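# Overview (structure and organization)
Single-letter residue listing:
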Amino acid sequence: MVVDINKIKWTDGKWMDERKKHDRVARMKMPMSIYECHLGSWKKKIEDSDFGFYNYREYAKEIGDYLIDMGYTHIELMGIAEYPFDGSWGYQVTNYYAPTSRYGTPEDFAYFVDHMHSLGIGVILDWVPAHFPRDAHGLGRFDGMPLYENADPRKGEHPDWGTYIFDYGRNEVANFLTSNALFWVEKYHIDALRVDAVASMLYLDYGKRDGEWVANKDGGKENLEAIALLQNINTVMEERNPGAYLIAEESTAWPGVTAPSSMNGLGFLFKWNMGWMNDFLEYMKLDPYFRKFNHNRLTFSLSYAYAENYILVISHDEVVHLKCSMLNKMPGLEFDKYANLRTAYGFMAGHPGKKLLFMGQEFAQLREWSEARSLDWFLLEDPKHKGMQDFVRDLNHLYTQYDAMYYNDNEVMGFEWTKVDDADSGIVSFVRRGKTAKDQLLFICNFVPVERKDYKIGVPCLTTYKEILSSDDEKYGGLGRNIGPKKTIKATATPADRMKYSIGIDVPPLSVTVLKYDYKDDPKTSGKN
């Protein structure tokens, strides 16, 4: 099918003009709460079949309303470039310049993006330049000979994935991929591309054994041509489309992924924080008794939190076959599972870095995700699942309301531990700071099922602290234990946790409590050098 997409009528001119004003620095200081979504299984017309897809336009209206209600700022779409096999989720692309016809026409897809922009929601698209399938109707052996892939299977094939690797050293191939990245941003007004499997592009030996790969000209394992391509794409994107950007799914410690290419970085604006995700999920899976022996899994991420511009992710990969849903990763009986998960989401919201949560996990989907069926929306008839959805909604709205939760994600002054070394208690607390001294936030997280009465926590200043969120609130499925009917508490000049001031607070078991305060200088030392 050949379609003339130049006739598409757009109404998002204001959004596109505004987008141009946000450079790298401005973008890092903006809120990003991303809803990762697989369109075909968000909702289906016919359950448990390969059919029953809604149209892009239908999805646009329903998903758009849902995102606004839930307080998300961005949607990330899995697998939109055309692909033949549903089970690949869109990561085995055969037609790089075609939105999948599963959900309608190119005009319908453009409507989806345009509608999201009308609601103030940014659209991120998963993009797959790391490999492509062997399908005869795709790019593989395109003219009967290796054309897009390298003829040497040690350079041109992924043995584990059964796919071909682009020959990044060929100008024609590099131009094909660069043009494709620009195509989605310029022709379909996509705001960002999340680049899949970047690590497999960077390392020549990725997923290969000895004898299955060839070193670069310097004898190393770095794929120099792929590095040059990524740097060029990021540079060209920034020059041609200010405000649009690329995000790296990169799972190693490769330095400078989000450093500008002019500084010898790869030039991405953000990087998925896979290290945090792995450590944190392993910590949360533990029986609370054993968490004190693994405290570093909870805190280690702050030692490198400013090395890159990070997005904290709990993506589709963490809730698929045999990995369990987020709720079923949590230990304990039913009540504790929900309390654990609310605590996990609360800690994630407070931790430096932009945020991404995969669809269904916001209401504690019980089953693992499958592309073949709809999310289990009927679960919202159960107050426990509705309470989880309400909690995530309130977390998202809190996130966008208080710039302390995002403005200084990449600045040391934006975060400070106030309690971090009491592993036995299972409690950590920290401060988040935004643009000004007003509306700073104190997070208190209890990762064990033990209530702490009048628990002392060091605080940064002598002022009043007001509770604005508690995961133990009855409306979320908790037991409603809080710090009092007025939900305020005054600090005293009692030292604790290496700080001059402290509060005494009843901390509910398995909970996150968020307190708001305006910072005030010490009256005894203000004005002194």
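A short tour of the structure in this document, coming up. Computed from a prediction, not measured in an experiment: that's the story for all the values here.

Along the protein chain, the regular secondary structure elements total 15 helices and 20 strands. In terms of overall size, the protein chain behaves like a compact globule, its C-alpha atoms giving a radius of gyration of 24 Å where 529 residues would be expected to give roughly 24 Å. When its C-alpha atoms are laid out on the principal axes, the protein chain stretches across 75 × 55 × 50 Å. Residues counted as buried form 59% of the 529 residues belonging to the protein chain. In the protein chain, the proportion of contacts linking residues at least 24 apart, taken out of those at least 6 apart, comes to 72%. Side chains of the protein chain give 63 positive and 76 negative charges; the mean places of these two sets differ by 6 Å.

Once that is clear, we can look at helix H5 (residues 106–118). With 13 residues, H5 ought to run about 18 Å at 1.5 Å a step, and its terminal C-alpha atoms sit 18 Å apart, in line with that. Within H5, ten of the 13 residues are buried, which leaves the element mostly enclosed by the surrounding structure. Restricting attention to buried positions, one finds in H5 the residues Pro-106, Asp-108, Phe-109, Ala-110, Phe-112, Val-113, Asp-114, His-115, Met-116 and His-117. A positive phi of about 85° marks Gly-120, the residue just after H5.

The next subject is unusual backbone geometry. If you check the backbone angles, Arg-141 has positive phi at about 45° while not being a glycine. Secondary-structure assignment places Arg-141 in the loop between strand E5 (122–127) and helix H6 (153–156). Here the phi dihedral of Leu-510 falls at roughly 40°; this positive angle occurs in a residue that is not glycine. The topology assignment puts Leu-510 in the loop between strand E19 (501–507) and strand E20 (511–517). With relative accessibility at 4%, the residue Leu-510 sits in the buried group.

Our focus in this paragraph is empty space enclosed by the protein. Taken as a whole and judged by the stated rule, the model has three cavities of 30 Å³ or more. When its volume is computed, the largest cavity comes out at roughly 170 Å³. Forming the walls of the largest cavity are 13 residues, and the residues nearest its centre are Ser-33, Met-348, Lys-355, Leu-357 and Asn-396. Only strand E1 (33–37), helix H14 (334–350), strand E12 (354–358) and helix H15 (383–401) provide two or more residues apiece to the lining of the largest cavity. Here the element with the most residues in the lining of the largest cavity is H15; it accounts for four residues. Residues of the lining of the largest cavity, tallied by class, amount to ten nonpolar, two polar and one charged. Size it by volume and the second largest cavity reaches roughly 70 Å³. In terms of lining residues, the second largest cavity is bounded by Gly-79, Ile-80, Ala-81, Gly-90, Val-93, Tyr-96, Leu-125, Asp-126, Trp-127, Val-128, Asn-180 and Trp-184. For the lining of the second largest cavity, the secondary-structure elements that each account for two or more residues are E5 and helix H7 (171–187). Take the lining of the second largest cavity: its biggest share by element is three residues, from E5. Residues that form the lining of the second largest cavity fall into these classes: eight nonpolar, three polar and one charged.

Our focus in this paragraph is the pattern of salt bridges. Following the criterion strictly, the structure yields 40 salt bridges and no others. Across the pair Glu-172 and Arg-170 runs a salt bridge, and its minimum N-O distance is 3.7 Å. Given a relative accessible area of 52%, Glu-172 falls into the exposed group. The exposure class assigned to Arg-170 is partly exposed, which follows from its relative accessible area of 29%. With a shortest N-O distance of 2.8 Å, Asp-497 and Lys-419 are connected by a salt bridge. One end of the pair, Asp-497, is in the loop between strand E18 (488–490) and E19; the other, Lys-419, is in strand E13 (residues 415–419), and 78 residues separate them in sequence. Here the residues in one salt-bridge network are Glu-76, Asp-126, Arg-194, Asp-196 and Glu-249, joined through shared partners.

Secondary-structure assignment places Ala-364 in the loop between E12 and H15. In this structure, the C-alpha to C-alpha distance between Ala-364 and Asn-175, residues 189 residues apart in sequence, is 43 Å. For Ala-364, the contacting residues outside a window of four places in its chain are Leu-327, Tyr-338, Leu-341, Leu-379, His-385 and Met-388.

The strand order around the closed barrel formed by eight strands is E1-E2-E5-E8-E9-E10-E11-E12, and the pairing between neighbours is parallel. Strand-to-strand, the axes of this sheet are offset by a mean angle of 25°, without reference to chain direction. Direction of pairing for E1 relative to E12: parallel, over a ladder of four bridges. If you follow Glu-36 over to E12, its bridge partner there is Phe-358.

What counts and what doesn't
- Here, residues in each chain are numbered from 1, in the same order as that chain's written sequence.
- Two thresholds apply to this predicted model, a pLDDT of at least 70 for residue-level local features and 80 or more for giving and counting side-chain atom pairs, whereas whole-chain, interface and lining totals are computed over all residues.
- The basis for the side-chain values is all heavy atoms of the structure; hydrogens and waters are excluded.
- Starting at the N terminus, helices and strands are each numbered in turn, a helix being any DSSP run of H or I of at least four residues and a strand any DSSP run of E of at least two.
- Note that the radius of gyration is over C-alpha atoms, with the globule rule given as 2.2 Å times the number of residues to the power 0.38.
- With a 1.4 Å probe rolled over the protein chains alone, any residue whose accessible area is under 20% of its type maximum counts as buried; one over 50% counts as exposed, and the rest are partly exposed.
- Any two residues whose heavy atoms approach within 4.5 Å at even a single point are treated as in contact.
- Positive charges are assigned to Lys and Arg, negative charges to Asp and Glu, while His and the chain termini are left out of the count.
- To locate a charge, the coordinates of NZ of Lys, CZ of Arg, CG of Asp or CD of Glu are taken.
- The span one expects for a helix is its residue count, reduced by one, times 1.5 Å.
- Using only the protein atoms, space was sampled on a 1 Å grid; points where a 1.4 Å probe fits but cannot get out form cavities, open sets with protein on both sides within 12 Å along at least five of seven lines form pockets, and lining residues are those with an atom within 4 Å of a point.
- Grid points are joined across faces, edges and corners, and a volume is the space filled by probe spheres set on the points.
- Throughout this entry, Asp, Glu, Lys and Arg are counted as charged residues, while Ala, Val, Leu, Ile, Met, Phe, Trp, Tyr, Cys and Pro are counted as nonpolar. The remaining residues, Gly among them, count as polar.
- In the sections that follow, a salt bridge refers to a side-chain nitrogen of Lys or Arg positioned within 4 Å of a carboxyl oxygen of Asp or Glu.
- A pair of strands counts as paired when DSSP detects no fewer than two bridges linking them.
- Helix axes use the C-alpha atoms of the stretch in contact, all axes being lines fitted to C-alpha atoms, and the angles between their N-to-C directions lie in the range 0 to 180 degrees.

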